[in-house]
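So you can see what is in the structure, the chains are spelled out below.
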Amino acid sequence: IIVTIVSWRTRRYMKSVADFMAGSRCAGRYLICNAVGEAGFGAVSAVAIFEYTYKTGFAISWWSQLSVPVTLLITLTGFVVYRYRETRAMTMAQFFEIRYSKGFRVFAGILAFTSGILNYGIFPAVGARFFVSYCGLPQTLSLGGIPLPTYAILMAVFISLATFLTVIGGQLTIMISDCLEGLLSGVLYLLIAAILLCIFRWSDILTALAAAPKGESMLNPFDTGQAQDFNIWYILIGLVGTTYSYMSWQGGHAFRSSAASPHEARMGNILSVWREFSRRVMMTLLAVCAFTYLNHPNYAAGAAQVTAAIHRIPDSQIQTQMRVPIALSHILPLGVRGAFACIMLFAMLACDGSYMHSWGSIFVQDVILPFRKKPFMPQQHIRILRWSIAAVGLFAFLFGLLFHQTEYILMFFAITGAIFLGGSGCAVLGGLYWKRGTTAAAW
């Protein structure tokens, strides 16, 4: 309620397209740090991390820490951030027009939009299913005698709320609401992590993880040669991709234009790396404690109840996704359970709003505007942006209803993101750092 009221009051400051698209370019480092950190972590991200950590434990997570020095080095040097900000572009495709050609901008805009909405398509569905499983809601509800999936009803509610918070003030509202949500969540991260360490004995966690077969260790990072799906190669590919396509991904792209200066943008990125640590501790502990609860003999009675609840979900892939959320609903004590639900609700609203703003604005800015001979009037421009954002939300609702998930969430992200990221890194790095880069090379 507090976040909604604050968001509603910010609408009075949104007076131009620049306000709606780039938050007036007035954000400081601490606002960016909290807002970007919250917008970049949705409920779908939490469920994806649960899948990943439940399968790999600490072993592969140890290798994933290689990303910390790489990310810090990138952010400390201002790699891409400084030069991109100097272009004054509001979207990456707009930079492509400045650097290459109008045709390449339209092509890149269509490709980024297609990749983005497909990637975003499962966000609301996964988030809604999380709340169904975590809160112990029935799988179906009857409305007017018609049985409807409960997650579909929750999807409609969450998408409507995220759309409302996004369209009233655009990026200006998103930054303020996401920062407020991030501040509240940051305290709860540490609280939940501390309580988990009080509930579970460390020896029980180690005993449960040590039962993994040889070659697929969940404790020893040098004994993971037989690990499938998530292994050392997954981590290395991710590190190369992070460097090659840095800032290419357009989800939350407005934050790159919202800082008061390139220096504030860089400092916000640096601080967000450190802020991520507290959340990473909480998420890792939640997953390994759920694994312990389901696999250690001391918790066999509770594990049986969780297993029974999991088997009531008809789809096997959704069972895998919801295994940890259902376990957590049995593990966390009253109050703490609500605190984690609060974190997940904030994460879902922040991430969904940011992504809807991104893909809706990219469609207008990079697909529609280049074909117009006469520019939109400011109010007309903002109205078109709002309708485009609402259309992205509608697409996500329909996609979530119709798409059948058959793969790990992180794998789905990788393949849908590669539609754009596979080639965008060359165009971005070549355009910013090599004066001989040509339009033909970009194509």
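A. Geometry of the overall build of the protein chain. Along the protein chain, the regular secondary structure elements total 21 helices and two strands. Compactness check: the protein chain gives a C-alpha radius of gyration of 22 Å against a globular reference of 22 Å for 443 residues, within 12% of the reference. Taken over the C-alpha atoms alone, the protein chain extends approximately 70 × 55 × 35 Å along its principal axes. Buried positions account for 56% of the 443 residues belonging to the protein chain.

B. Region of the structure containing the pattern of salt bridges. Scanning the entire structure with this criterion turns up six salt bridges. The closest approach of N and O atoms between Glu-97 and Arg-105, which form a salt bridge, is 2.5 Å. Between Arg-279 and Glu-276 there is a salt bridge, with its nearest N and O atoms 2.4 Å apart. Within this pair, Arg-279 and its partner Glu-276 are both found in helix H15 (residues 262-295), separated by three residues, close to a single helical turn. Sharing partners across several salt bridges, the network here consists of Glu-97, Arg-105 and Asp-366.

C. The arrangement of the pairing of strand S2 (residues 146-149) in detail. Looking at chain direction, strand S1 (residues 140-143) and S2 are connected through four bridges and run antiparallel. Bridge pairing in S2 places Thr-140 opposite Pro-149. Between S1 and S2, which pair antiparallel and follow one another directly, the connecting turn spans two residues, one of which, Gly-144, has a positive phi of 65°.

D. Looking closely at the environment of Ile-117. Structurally, Ile-117 is set in helix H8 (residues 102-120). In sequence terms Ile-117 and Ala-303 are 186 residues apart; their C-alpha atoms lie 37 Å from each other.

E. Layout of the packing of aromatic side chains. Scanning the model with the defined rule gives 37 aromatic pairs in all. Ring plane angle 90° and centroid distance 5.0 Å describe the contact between Phe-230 and Tyr-234, whose orientation is recorded as edge-to-face. Judged by centre distance (4.9 Å) and plane angle (15°), the rings of Phe-399 and Phe-403 are stacked. According to the relative accessible area criterion, Phe-399 is buried, its value standing at 15%. Given a relative accessible area of 31%, Phe-403 falls into the partly exposed group. Counting every residue linked through ring pairs, the aromatic cluster contains Phe-50, Phe-130, Phe-131, Tyr-134, Phe-158 and Phe-340. One Lys or Arg, Arg-129, reaches over the ring of Tyr-151 and ends 4.1 Å from the middle of that ring. The lysine or arginine in question, Arg-372, covers the ring of Phe-376, its NZ or CZ lying 4.0 Å from the ring centre.

F. Structural detail: the confidence of the model for the protein chain. The predicted model of the protein chain has a mean per-residue pLDDT of 90, with 100% of residues at 70 or higher. When mean pLDDT is taken per element in the protein chain, helix H9 (residues 123-134) scores highest with 95 and helix H14 (residues 255-258) scores lowest with 82.

G. Here's a closer look at a nonpolar patch on the surface. A cluster of nonpolar side chains, contributed by Leu-66, Trp-233, Leu-236 and Ile-237, occupies part of the molecular surface with about 430 Å² of accessible area. Its location among the elements puts Trp-233 in helix H13 (residues 232-244).

H. Here's a closer look at the state of the cysteines. Under the defined criterion, the tally for this structure stands at zero disulfides. Unpaired in terms of disulfides, Cys-179 finds its nearest cysteine sulfur in Cys-33, a separation of 8.3 Å. Owing to a relative accessible area of 11%, Cys-179 belongs among the buried residues under this scheme. Distance from the sulfur of Cys-289, which forms no disulfide, to the nearest cysteine sulfur (Cys-198) is 11 Å. Classification of Cys-289 as buried rests on a relative accessible area of 0%.

I. Just H15, in detail. Across its 34 residues, H15 extends 49 Å between first and last C-alpha, which sits within 8% of the 50 Å expected from 1.5 Å per residue. A bend of about 25° at Ser-278 is the largest found in H15. Within H15, 24 of the 34 residues are buried, which leaves it mostly tucked inside the rest of the structure.

J. Broad picture of the nonpolar core. One finds Phe-96, Ile-192, Met-282, Leu-286, Leu-328, Phe-340 and Trp-359 to be the most contacted residues of the largest nonpolar core, which totals 125 residues. Sorting elements by how many residues they give to this core places helix H18 (residues 336-368) first, with 15 residues. Those residues in contact with Met-282, other than ones at most four positions away along the chain, are Leu-188, Tyr-189, Ile-192, Ala-193, Leu-196, Phe-340 and Ile-343. Ranked by size, the runner-up nonpolar core spans seven residues in total, among them Tyr-52, Ile-60, Ile-235 and Leu-239.

K. Main features of the side chain of Glu-181. Inspection of the secondary structure assignment puts Glu-181 in helix H11 (residues 170-199). No salt bridge is formed by the buried Glu-181, whose closest oppositely charged neighbour, Arg-275, lies at an N-O distance of 9.0 Å. Discounting chain neighbours no more than four positions away, the residues touching Glu-181 are Val-3, Glu-38, Phe-346, Leu-349 and Ala-350.

L. Molecular detail of the packing of H8 against H18. For the pair H8 and H18, the least separation of the axes is 9 Å and the interaxial angle reads 155°. As far as their axial angle goes, H18 and H8 are roughly antiparallel. Here H8 and H18 pass one another in a crossing that is left-handed. Of the residues in H18, those in contact with Arg-105, Val-106, Gly-109, Ile-110, Ala-112, Phe-113, Gly-116, Ile-117, Asn-119 and Tyr-120 of H8 are Asp-352, Tyr-355, Met-356, Trp-359, Ile-362, Phe-363, Gln-365, Asp-366 and Val-367. Across the contact of H8 with H18, the residue classes break down as twelve nonpolar, four polar and three charged.

M. Main features of unusual backbone geometry. Of note in this structure, Val-80 is not a glycine but carries a positive phi near 70°. For Val-80, the location among the structural elements is in the loop between helix H5 (67-77) and helix H6 (81-86). With a phi close to 65°, Asp-229 is a non-glycine residue in the positive phi region. Mapped onto the elements, Asp-229 comes out in the loop between helix H12 (202-209) and H13.

What counts as what
Residues numbered from 1 in each chain as written. Predicted model: local features only at pLDDT ≥ 70, side-chain atom pairs only at ≥ 80, totals over all residues. Heavy atoms only, no water. Helix = DSSP H or I, 4+ residues; strand = E, 2+ residues; numbered from the N terminus. Rg over C-alpha atoms; globule rule 2.2 N^0.38 Å. Buried < 20%, exposed > 50% of the residue type's maximum accessible area, 1.4 Å probe, protein only. Salt bridge = Lys/Arg side-chain N within 4 Å of Asp/Glu carboxyl O. Pairing = 2+ DSSP bridges. Phe/Tyr/Trp six-rings, centres within 6.5 Å; stacked < 30°, edge-to-face > 60°. Lys NZ or Arg CZ within 6 Å of the ring centre and 35° of its normal. pLDDT = per-residue confidence, 0-100. Patch = residues over 30% accessible without salt bridge, like charges linked within 9 Å, V, L, I, M, F, W, Y side chains within 5 Å. Areas by Shrake-Rupley, 256 points an atom, 1.4 Å probe, with all protein chains shown as cover. Disulfide = S-S within 2.5 Å. Expected span 1.5 Å × (residues − 1). Bend = angle between axes of the 7 residues up to and from the residue. Core = buried A, V, L, I, M, F, W, Y, C linked by side-chain atoms within 4.5 Å. Contact = heavy atoms within 4.5 Å. Lys, Arg positive; Asp, Glu negative; His and termini not counted. Axes fitted to C-alpha atoms, helices over the stretch in contact; angles between N-to-C directions. Parallel < 35°, antiparallel > 145°, perpendicular 65-115°, else oblique. Left-handed = near helix turned anticlockwise from the far one by under 90°. Nonpolar A, V, L, I, M, F, W, Y, C, P; charged D, E, K, R; others polar.

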